[in-house]
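If you want the building blocks of each chain, they are given just below.
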Amino acid sequence: VKPENNAIVIFGASGDLTHRKLIPAFYHLYANGLLPEDFAILGVSRTVYSDQEFRDKLRSALEENEKTDAAILTEFCEHLYYQALNTSDADQYTVLKQRLDIFKDTHHTQGNAVFYLATPPSLYGVIPECLAAHGLNDEADGWKNLIVEKPFGYDLESAISLDKQIHACFQEHQIYRIDHYLGKETVQNLLVFRFANGMFEPLWNRNFIDYVEITASEALGVEDRGGYYDGAGAVRDMFQNHLLQVLAMVGMESPAAINADSIRDEVVKVMQSFKPLSEDDLTNHLVLGQYTESDVRGKHLPGYRQEHGVDDESRTETYVGMKMFIENWRWNGVPFYVRTGKRLPTRVTEVVIHFKKTPHPVFGANAPENKLIIRIQPDEGILMSFGLKKPGAGFESQEVSMDFHYDKLESMNMLTAYERLLLDCMKQDATLFARTDAVRACWKFVQPILDYKEQPEHLFGYAAGTWGPKEADELLMNDSRQWRFPC
Ligand code: BG6
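Starting afresh in each chain, residues are numbered from 1 along the sequence in its written order. The predicted origin of the model limits local features to residues at a pLDDT of at least 70 and limits the giving and counting of side-chain atom pairs to 80 or more, whereas totals for whole chains, interfaces and linings rest on all residues. Water and hydrogen atoms were dropped before computing side-chain values, which therefore reflect all heavy atoms in the structure.

Labelled according to an unreviewed UniProt entry, the protein appears under the name Glucose-6-phosphate 1-dehydrogenase, originating from Photobacterium carnosum. UniProt positions are given in the numbering used here, feature names are shortened, and annotations may be inferred rather than shown by experiment. As its UniProt record puts it under Pathway (unreviewed entry), the protein is described as follows: "Carbohydrate degradation; pentose phosphate pathway; D-ribulose 5-phosphate from D-glucose 6-phosphate (oxidative stage): step 1/3." Its UniProt record, at the heading Sequence similarities (unreviewed entry), says of the protein: "Belongs to the glucose-6-phosphate dehydrogenase family."

Structural data, given as structure tokens:
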């Protein structure tokens, strides 16, 4: 079913996110016939463009970066409009309201609207207030949804106060806090894999699982986002949101039904069960790192401090690795080792479930481990490894595996994360968006790390192109384990 006709207002329309992610996502949804029968996309930012200039600019960006069809692109561009506006000046929103009124006639939008905040975070509180000042939060004539990009807050206190500010103007059911990891097919698949198969769920607990690894490694550095990243760091940029969401999908209980409330109730329960970090955890179970310049296979990689927009004495972490626990009946005592970093050897996001060894090693101490590797990206799929008898004399075992790769599915029409989430928002489905209590639970867990990382001596260097600081290896070695090094 297609979403109802609506207008989409993108604040921050001249920015990178709009060009790189949002407009391509809308284009692909349109080309696949998934957008409403009629709609209008209104870009808003300070820079002055005419509608035509905005269309031309986006059209060339789409032609350059995406696979497009000229006729479809022409039709799509007829839905694009632009309005220059000082987004923090409520008086100027009169013109925005007028344009939305016009779309009711020209695009039959029925007063339905999505407001997408793709702006610097400092405007996340102001824009809703300005919208409300003109009644653009009022659902008497059509629904009004607000999409808020991450980071939602800078720490626990600012997240709470941002929430209050937005809640003064919009109700929770209107607020869609985006975490694009939840839009990834393979992250959603964690739920189906766990709760649609009778085979895995009985083993999915502390009785059978030894430990869990979650890795999100990136080969790239901060690229041209140094200005933003230097004030954020890996803990705020990746760990507080994407990684803790993935962890919640691995750790949560089965929802009673597949709907936004049931699923998000379970997500928040597991997040509220993260074992609070003690001084000892911070000192011994957390490693923060920053990449330094290095030469990898004849290529020179700059250090983080040499990146554009980064302070040359920056103490911002580009790597975080930690051991954490979920304190509940299912997971008590099972360590979750979680790591993410930039300028690591490869780009991969995966969850590895390590099952316990058999109680008595009849085939010797070196029998292979049972592992389940859930590859979130790239090469999305699942791999299970186990031991089999080596053919020949004796009873030696060897590790073998069974795997499934998403690209083998015949009817492969995977939506990108942004496509899926934009579509869900237009359909009023908040299942894959972070609810206020979940965001708060994550900040609450992460806050001690934010305080700890303020102390400069808590940062270790690692050569760009390697798997992070050696202290992160020691984190597992101290437990007689080691990280999996995915390729
Ligand atoms: C973003 C972060 O949210 O996620 C980036 O701000 C990071 O720093 C990106 O590179 C990773 O997303 P993906 O989908 O490429 O894993």
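Novice: Before we move on, could you go through a nonpolar patch on the surface and cite the residues and values that matter?
Specialist: Together, Val362, Phe363 and Phe395 line one region of the surface with nonpolar side chains, adding up to about 370 Å² of accessible area. With respect to the helices and strands, Phe395 occurs in the loop between strand S15 (381-389) and strand S16 (397-405). Patch membership needs two things, relative accessible area over 30% and no salt bridge, and members are linked within 9 Å if like-charged or within 5 Å if nonpolar (Val, Leu, Ile, Met, Phe, Trp, Tyr). The protein chains shown are the only cover counted for residues, whose accessible areas, like all others here, come from Shrake-Rupley with a 1.4 Å probe. A pairing counts as a salt bridge when a side-chain nitrogen of Lys or Arg comes within 4 Å of a carboxyl oxygen of Asp or Glu. Labels follow the DSSP assignment, with helices taken as runs of H or I lasting at least four residues and strands as runs of E lasting at least two, numbered in each case from the N terminus.

Novice: For the pattern of salt bridges, give the residues involved together with the corresponding values.
Specialist: Summed over all chains, the structure comprises 29 salt bridges. Ionic contacts of the salt-bridge type, sharing partners, join the residues Asp101, Lys104, Asp141 and Lys144 into one network.

Novice: With reference to specific residues and values, describe unusual backbone geometry.
Specialist: Among all residues except glycine, the phi angle is most often negative; among peptide bonds, the trans geometry is most common. The linkage connecting Lys150 with the following residue, Pro151, adopts the cis geometry, with an omega of 0°. With an omega of -20°, the peptide bond running from Gln377 to Pro378 counts as cis. Assignment of secondary structure puts Pro378 in the loop between strand S14 (371-377) and S15. A positive phi angle, close to 50°, is found at His108, a residue other than glycine. Within the fold, His108 resides in the loop between helix H4 (93-106) and strand S4 (113-117). With phi around 50°, Asp379 is a residue other than glycine that occupies positive phi space. Among the secondary structure elements, Asp379 is positioned in the loop between S14 and S15.

Novice: An account of the packing of aromatic side chains is needed here, citing residue identities and associated values.
Specialist: For this analysis, a ring pair means two rings from Phe, Tyr or Trp (six-membered ring only for Trp) whose centres lie within 6.5 Å, classed as stacked if their planes differ by under 30 degrees, edge-to-face if by over 60, and tilted for the remaining angles. Tallied over the entire structure, the rule returns 22 aromatic pairs. Seen in terms of ring centroids, Phe193 and Trp204 are 6.5 Å apart; in terms of plane orientation they differ by 70°. Their pairing is edge-to-face. Note that Phe193 is positioned in helix H7 (residues 185-195) and Trp204 in the loop between H7 and strand S7 (209-217), a separation of eleven residues in sequence. Each member of the pair, Phe193 as well as Trp204, carries the same accessibility label: buried. Ring centres of Tyr337 and Trp483 lie 6.2 Å apart, and the angle between their planes is 75°; on these two criteria the pair is classed as edge-to-face. Taken together, the residues span a long stretch of sequence, with Tyr337 in strand S12 (residues 336-341) and Trp483 in the segment after helix H14 (470-477) at a distance of 146 residues. The exposure classification of Tyr337 matches that of Trp483, with both residues buried. The criterion is that NZ of a Lys, or CZ of an Arg, lies within 6 Å of the ring centre and within 35 degrees of the ring normal, and then a charge sits over that ring. Taking NZ or CZ as reference, Arg177 lies 5.0 Å from the ring centre of Phe152, over its face. Lying over the aromatic face of Tyr181, Lys184 brings its terminal NZ or CZ to 4.7 Å of the ring centre. Any residue under 20% of the maximum accessible area for its type is buried, any over 50% is exposed, and the rest in between are partly exposed; the area is computed with a 1.4 Å probe on protein chains only.

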